[in-house]
Amino acid sequence: MSLTVLKPGFQSTLQDLGRNGFTHLGIAPAGAADSFSFRLGNLLVGNGENDTGMEMTLVGGTYRFNQSTLAALTGSRFTATLDGEDFPFFKAFHVKKGQELDIGPSQDGARCFLTVKGGFHVPQILGSSSTHLMTRIGGYEGRDLKKGDQINFGYSTTSIEPEKLEKIIEPDRSVLHVTKGLQYDRFESKNRDVFFRERFIVSQRSNRMGLRTEGPKIKAGITDEILTEGLPIGAVQVPGNGHPIISFVDHQTTGGYPKIVNVIAADLCKVGQLKPGDKFKFQLVSIAEAEKLYFEQESFFKKFTHSNS
Amino acid sequence: MILDPTVIPASDRSILVQFGDEISEDLHYQVYLFTQGLLSSSHQAISNISPGYSSVLVRLHHKTTLAEGMDTIEEVLKEEHPGDTIPQRTVEIPVCYEDEFGPDLGRVLKHTGYDKEELIERHTSGMYMVYFLGFSAGFPYIGGMDESLATPRLETPRKTVPAGSVGIAGHQTGMYPLSTPGGWNLIGRTPLPLFNRSEPKDTAIRMGDRIRFRTVGRAEFESLGQSQS
């Protein structure tokens, strides 16, 4: 049971929901950049939420299925055809042996996900299959996929009815909700006003480690640096050049720049879908509101009975 | 020992436990005890922790609420740590200070006013302290460098710094376990693999270790490198 990479996309990696328990060694969790879409993809093909899937960025790539299976595409809509026929998004689909799935450029956000029944099979590193590109661990030989790679996947024996989603959530990516960051009070109120008033532009230099911004420059205050401390995912750091950076799934585990705000967990899936040139604003909410939104988003998955924890 | 830090949410899914706001061995001791307490406790509420110089960031398990996370933190803080001490492990780091491995030696010599011999003497005579690992896999935050060696970071960071590079940035000295971008002044390289992809948990250096640098020549650098690989 395998799939062959005929043409790699811009950056395609194997991911699960992340490698937890090792940030004290400097090892970032990594994991799917839009975990909401990723989990849906797994559930659609009857997998556990954490089974290994493929994350594609900006341009998908071409893949040949060497065995028949059940597959699904979720996340942002990319052009996608199976042997020339349109391949649906957010729907489990039977793919036959020898068929080629061609995933072109994105028509929407930055990333889409391919999941197959049984998940892709790669070695687990520290309990996870997630690729961390800088460390070169996890996924397929610790790197993004290349032409000729052959990836094994699970054997499909179940006869689960493919699920289709009635309503696909299309979050508004022009607003990222945030809570106050650990150094929020270090920023003068006039600088915070600029931060919340202006629109930021996603920089070309963004990646899974961090989403860099262009546009307004934010003055950090008296000092550019703080005593190095743990960096939460979604932390918005303001380095000396004044251009905020949103720490993301492959983030450095600690950082020394002041953190003005932190993107709320429920909006991290939006960060994974922002692409260079996109414009967005930050909007402040309370910690209590953020936590409520997070658990509301989590409750969405409860209706899938075969969902495992 | 019962610890009494400030405990505040850092985001809706993480909590910062802050023991102070400076680099000191006393604060490090508290950070170390709490880190070990979290790592050895059987709680289910926490998925990841990141110690820093004077704080520990606690990231919640995906099913845990902030309130539950706070409770777990309180429990671990209240645990007694009778006679706990940091295991005093000293790790010797062989470093080859040849020009080929230290492209910024000239910059550091110019800034400090030392000749190369004196720079090596001062860099290798120190006993260093590993406060924590962070940034990238196996990257040690090291304190205790001779203040007179302090040299500002490069204005433009390198796109790639070879793994094993030893450098100086401001008042810090350190090593790059992985080939990453970086802005430190590179003064040498160690053949010791600091991060091993096949045994990622066994980082060469751990939080709380003491470090000494030892100067090695080109021949020893190569033979050490071969025996390690």
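Just so we're clear, the structure is a prediction, and the values are computed from it rather than from any experiment. (Residues numbered from 1 in each chain as written. Chains lettered and ligands numbered in written order. Predicted model: local features only at pLDDT ≥ 70, side-chain atom pairs only at ≥ 80, totals over all residues.)

**Student:** Honestly, the overall build of chain B in this entry has me stumped. Any pointers?
**Tutor:** When helices and strands are tallied, chain B shows 5 helices and 13 strands. Relative to a compact globule of 229 residues, whose C-alpha radius of gyration would be 17 Å, chain B shows 19 Å and is just as compact. For chain B, the spread of C-alpha atoms along the three principal axes comes to 55 × 35 × 35 Å. Expressed as a percentage of the 229 residues in chain B, the buried residues total 43%. (Helix = DSSP H or I, 4+ residues; strand = E, 2+ residues; numbered from the N terminus. Rg over C-alpha atoms; globule rule 2.2 N^0.38 Å. Buried ≥ 20, exposed ≤ 12 C-beta atoms within 10 Å, placed from the backbone.)

**Student:** It is not clear to me how the overall build of chain A should be interpreted in this structure. Could you clarify?
**Tutor:** Scanning chain A from terminus to terminus reveals 4 helices and 21 strands. A compact globule built from 309 residues should have a C-alpha radius of gyration of about 19 Å, and chain A, at 20 Å, falls within 12% of that. A buried classification covers 52% of the 309 residues belonging to chain A. Once local pairs closer than 6 in sequence are excluded, the contacts in chain A between residues at least 24 apart make up 77%. (Contact = placed C-beta atoms within 7 Å.)

**Student:** Help me out: how do you make sense of the domain arrangement of chain B in this one?
**Tutor:** A common way to state how big an interface is: give the accessible area lost once the parts meet. Residue and element names in this part refer to chain B. Annotation of chain B at the domain level lists domain 1 (6–78) and domain 2 (90–228). If you average the C-alpha positions of domain 1 and of domain 2, the two centres end up 29 Å apart. Between domain 1 and domain 2, the residue contacts involve 9 residues of the former and 7 residues of the latter. Elements supplying a minimum of two residues to the side of domain 1 that touches domain 2: helix H1 (25–40) and strand S3 (46–51). (Domains from an automatic or database assignment.)

**Student:** Is there a simple way to explain the environment of Glu-155 of chain B in this structure?
**Tutor:** All names here are of chain B. As for its position among the elements, Glu-155 is in the loop between strand S7 (140–143) and strand S8 (158–161). Under the C-beta neighbour-count criterion, Glu-155 is labelled exposed, with 6 such atoms within 10 Å. Remark: the alpha-carbon pair of Glu-155 and Gly-183, spanning 28 residues in sequence, is separated by 7.4 Å.

**Student:** Looking at this model, I keep getting lost on unusual backbone geometry. Mind explaining?
**Tutor:** The bulk of non-glycine residues show a negative phi, and the bulk of peptide bonds are trans. Residue and element names in this part refer to chain A. One non-glycine residue, Phe-90, lies in the positive phi region at around 60°. Checked against the element boundaries, Phe-90 lands in the loop between strand S7 (85–86) and strand S8 (93–95). Even without a glycine there, the phi angle at Arg-136 is positive, about 55°. With respect to the helices and strands, Arg-136 occurs in the loop between strand S11 (120–121) and strand S12 (150–153).

**Student:** Any chance you could explain the interface of chain B and chain A here in plain terms?
**Tutor:** Contacts between the two partners involve 38 residues from chain B and, on the opposite side, 34 residues from chain A. Those elements that place two or more of their residues in the side of chain B that touches chain A are strand S1 (6–11), strand S2 (14–18), S3 and strand S4 (55–60) of chain B. In the side of chain B that touches chain A, the residues fall into 17 nonpolar, 15 polar and 6 charged. (Nonpolar A, V, L, I, M, F, W, Y, C, P; charged D, E, K, R; others polar.)

**Student:** Whenever I open this one, the sheet that holds S2 of chain B confuses me. Can you help?
**Tutor:** Whenever strands of a sheet pair, they do so through backbone hydrogen bonds, lying parallel or antiparallel. Residues and elements named next belong to chain B. The strand order across the open sheet formed by 4 strands is S1-S2-S4-S3, and the pairing between neighbours is antiparallel. Of all strands in the sheet, those bounded by a partner on one side alone are S1 and S3. Ignoring which end each strand starts from, the neighbouring axes of this sheet average 25° apart. Two strands pair when backbone bridges link them, and S2 and S4 are joined in this way by 5 bridges, in the antiparallel orientation. In the sheet register, Gln-18 faces S4, and the bridge partner there is Ser-55. Seen against the sheet, H1 touches S2, S3 and S4 and runs at an angle of roughly 160° to S3. With respect to the sheet, helix H2 (residues 66–78) is in contact with S1, S2, S3 and S4, its orientation differing from that of S2 by roughly 30°. (Pairing = 2+ DSSP bridges. Axes fitted to C-alpha atoms, helices over the stretch in contact; angles between N-to-C directions.)

**Student:** When you look at the sheet that holds strand S15 (residues 210–214) of chain A in this model, what are you seeing that I'm missing?
**Tutor:** All names here are of chain A. With respect to topology, 7 strands assemble into a closed barrel ordered S13-S20-S17-S18-S15-S14-S21, the strand pairing being mixed. Taking each pair of neighbouring strands and ignoring which way they run, the sheet shows an average axis angle of 40°. In this structure, strand S17 (residues 235–237) lies alongside strand S18 (residues 245–247), joined through 2 bridges in antiparallel fashion. For Val-236, the partnering residue across the bridge sits in S18 and is Ile-246.

**Student:** Looking at this structure, I do not really get the environment of Leu-6 of chain A. What am I missing?
**Tutor:** All names here are of chain A. Position of Leu-6 relative to the elements: it lies in strand S1 (residues 2–8). Spatially, the C-alpha atom of Leu-6 lies 5.4 Å from that of Tyr-63, the residues being 57 residues apart in sequence. Excluding residues that lie within four positions of it along the chain, Leu-6 makes contacts with Thr-62, Tyr-63, Arg-64, Glu-100 and Lys-147.

**Student:** Would you take a moment to explain the domain arrangement of chain A for this structure?
**Tutor:** Residue and element names in this part refer to chain A. Taken domain by domain, chain A holds domain 1 (2–153) and domain 2 (175–300). Centre-to-centre, using C-alpha coordinates, domain 1 lies 27 Å away from domain 2. Listed per partner, the contact involves 19 residues of domain 1 and 13 residues of domain 2. Among the residues making up the side of domain 1 that touches domain 2, the classes are represented as 9 nonpolar, 8 polar and 2 charged.

**Student:** Please explain the confidence of the model for chain B as it appears in this structure.
**Tutor:** Atom-level detail of predicted coordinates should not be read off regions where pLDDT is low. For chain B, mean pLDDT is 92; residues scoring 70 or higher make up 97% of the total. Of the two predicted TM-score estimates for the complex, the pTM is 0.93 and the ipTM is 0.94. (pLDDT = per-residue confidence, 0-100.)

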